[in-house]
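# What the coordinates show
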Amino acid sequence: MVRRVAVVGAGSSGLACIKICVEEGLEPVCFESSDDIGGLWKFKESPEPERSGIYRSLVVNTSKEMMCYSDFPMPADYPNYMHNSQLLQYYRLYADHFDLLRYIHFQTTVKSVAQRPDFSLSGQWDIVTINKDGEEERNVFDAVMVCSGHYTHPSLPLSGFPGYETFSGRCFHSWEYKDADACRGKRVVVVGIGNSGGDIAVEISRSAKKTFLSTREGAWVIGRMSSNGLPLDMTAITRLNNMLTLLLPNTLVNWAAERALNYKYDHRLYGLKPKHRLMDRRPLINDDLPGRILQGALVMKTNLKGFKDSGVEFEDGRVEENIDAVVFCTGYNGTFPFLPSVLTDGPQRELTLYKTLFPPSLVRPTLAIMGLFQTKGPITPIVEMQARWAVKVFTGSSCLPPKEKMLEVIESERKRNMKSYPCPRTVALQVEYIPYLDFMAKEVGVRPNLLTLLLTDPVLWVRIFFGPCTPYQYRLTGPGQWAGARQAILTQWERLAQPFRTRAVPESRPSAISPWALVLGGTVAMAFVLSKTEITPVLSGAAQFLDRCKMFLKDSWFTLTPN
């Protein structure tokens, strides 16, 4: 029987795991190698080996209502997209509210996690840790939840670029980057156009003499702001949109979405257009990148080919001389050196995981790897649901399929993702946001029943189906039900608006002339100009057109209004 659970890491994932273990009556023991909570979101002035790091200016790219824990909304006065320091403060509030700090052993590093000799019967693990005094300790646990993240071992592919040994400038990974001070007045190349690459290139371009952004394939660039100034994810990640994406042809969805993006800035003109379609991969979230290109402060370049003394050469044959620094935003190697090597049995020696969570090779499912995925949406709600599912599996309340079935699912999902992501390591990490959440929620017993809601609580049903898929939806019923979930959903737009209310603005006055009268008047005038002999039929047609306009605008208002 599972009772004692080891949690490796006290970041956002680790905190969720501790809290959920306590809720289920288990005894969590969390090992955190640093002296504080927050993990990735704890800014450090200098990089620390085998720990994640962020840059000083980092702002989240998912909004507060979408990325919060499902039973702990962020304070209403928090900005919708917050600075990393404010997000860390939220995690402190969460830890204090649920009294989680007493389960954490700080400055304690996990050295090894190994199956006990009787693992096939007990499912237990031997864990060796090293405390701040360098002393080793050994403990036995019934289950393990790995929350150490996969942004700790940077991938710096210098050996793949000829001439780097004699390059006179500096080469470093974005893991080391903290701010643009060292790049002031210099000529800098940023390699890679992920979210970090976009952010860093934009920031450097504000103080550097010239900044070049090198990309192998380009990217679709989307800002954090959607229509009416609302957060992008709150208008895009809805159950309605998810249903439409499944029902409509991919070609049509891609065409419509790409057309809307290119209407703001032509990706071909700006040198951004990628080879893949918009819906096939995660877009680049960046508010300022196109503007920096427009101002000439940032120049798009093809993939880096190699180095030439003080310059760099790109794949199109062009060379930029007198380069002072090259920043590689080339991702990370998702390695877990403390885990048994037998678990890294993938084609590229990566972890093979069922639903990106459970190693199918284990006889007893008492190990879960949290947060090892990529998705078009916020991370925290998925990790929290992973934790809820994992604990149910540990305690036997939920059962995994046989090993053969799990391997079939893994291979099927890998083949499906290969169409969009050619890199084997990346393929295994991809999940679809709402479908993945709903799958795990069904296993836990907390998936919202839309038909029941439609019949019993139509007001809430409208908010859930047409509105953003906020985490509170998974606390309405079932295990872990939260009494405040319904109210949190009904007031989510109010919390979104709260940080904007810093200045009294004049109320909108109703127009003295009805807009319908203007439309009708314009239609009549046009009809009179076009035809003086057949004015009656034209007026009749104009009236019908006006009625259709009214219906369309009313329907649009009902659908788009957030209140």
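Residues numbered from 1 in each chain as written. Predicted model: local features only at pLDDT ≥ 70, side-chain atom pairs only at ≥ 80, totals over all residues. Heavy atoms only, no water.

## Some words on the overall build of the protein
Secondary structure summary: the protein contains 19 helices and 18 strands in total. Classification of the 563 residues of the protein by burial places 47% in the buried group. Summed over all atoms, the accessible surface of the protein reaches about 28,000 Å², with 55% contributed by carbon and sulfur. (Helix = DSSP H or I, 4+ residues; strand = E, 2+ residues; numbered from the N terminus. Buried < 20%, exposed > 50% of the residue type's maximum accessible area, 1.4 Å probe, protein only. Areas by Shrake-Rupley, 256 points an atom, 1.4 Å probe, with all protein chains shown as cover.)

## Some remarks on the pairing of strand β6 (residues 136-141)
Pairing of strand β5 (residues 125-130) with β6 involves six bridges; the strand directions are antiparallel. For W125, the partnering residue across the bridge sits in β6 and is F141. In sequence, β5 turns back onto β6 through a hairpin of five residues, with G134 there showing a positive phi of about 80°. (Pairing = 2+ DSSP bridges.)

## Quick word on the pattern of salt bridges
By the definition in use, this model includes 31 salt bridges. For the salt bridge of K111 with E136, the shortest nitrogen-to-oxygen distance reads 2.6 Å. With K111 in strand β4 (residues 109-115) and E136 in strand β6, this pair connects stretches of sequence that are 25 residues apart. Take K111: its relative accessible area is 46%, and that puts it in the partly exposed class. When its relative accessible area of 42% is taken as the criterion, E136 is described as partly exposed. A salt bridge links E217 to R281, with the shortest nitrogen-to-oxygen separation between them at 2.7 Å. In this pair, E217 is assigned in the loop between β10 (210-214) and β11 (221-222) and R281 in the loop between α8 (250-264) and β12 (284-285), connecting sequence segments 64 residues apart. E217 sits in the partly exposed class, given a relative accessible area of 25%. (Salt bridge = Lys/Arg side-chain N within 4 Å of Asp/Glu carboxyl O.)

## Some remarks on the sheet that holds strand β1 (residues 4-8)
One open sheet holds the five strands; their spatial order is β3-β2-β1-β7-β18, and the pairing between them is parallel. Taken across any chain shown, the strands that pair with only one partner, and hence form the sheet edges, are β3 (104-105) and β18 (367-369). In this structure, β1 lies alongside strand β7 (residues 143-146), joined through four bridges in parallel fashion. By the bridge assignment for β7, V8 is matched with V146. Sitting on the sheet, helix α10 (residues 380-394) is in contact with β7 and β18, with an inclination near 165° to β7. (Contact = heavy atoms within 4.5 Å. Axes fitted to C-alpha atoms, helices over the stretch in contact; angles between N-to-C directions.)

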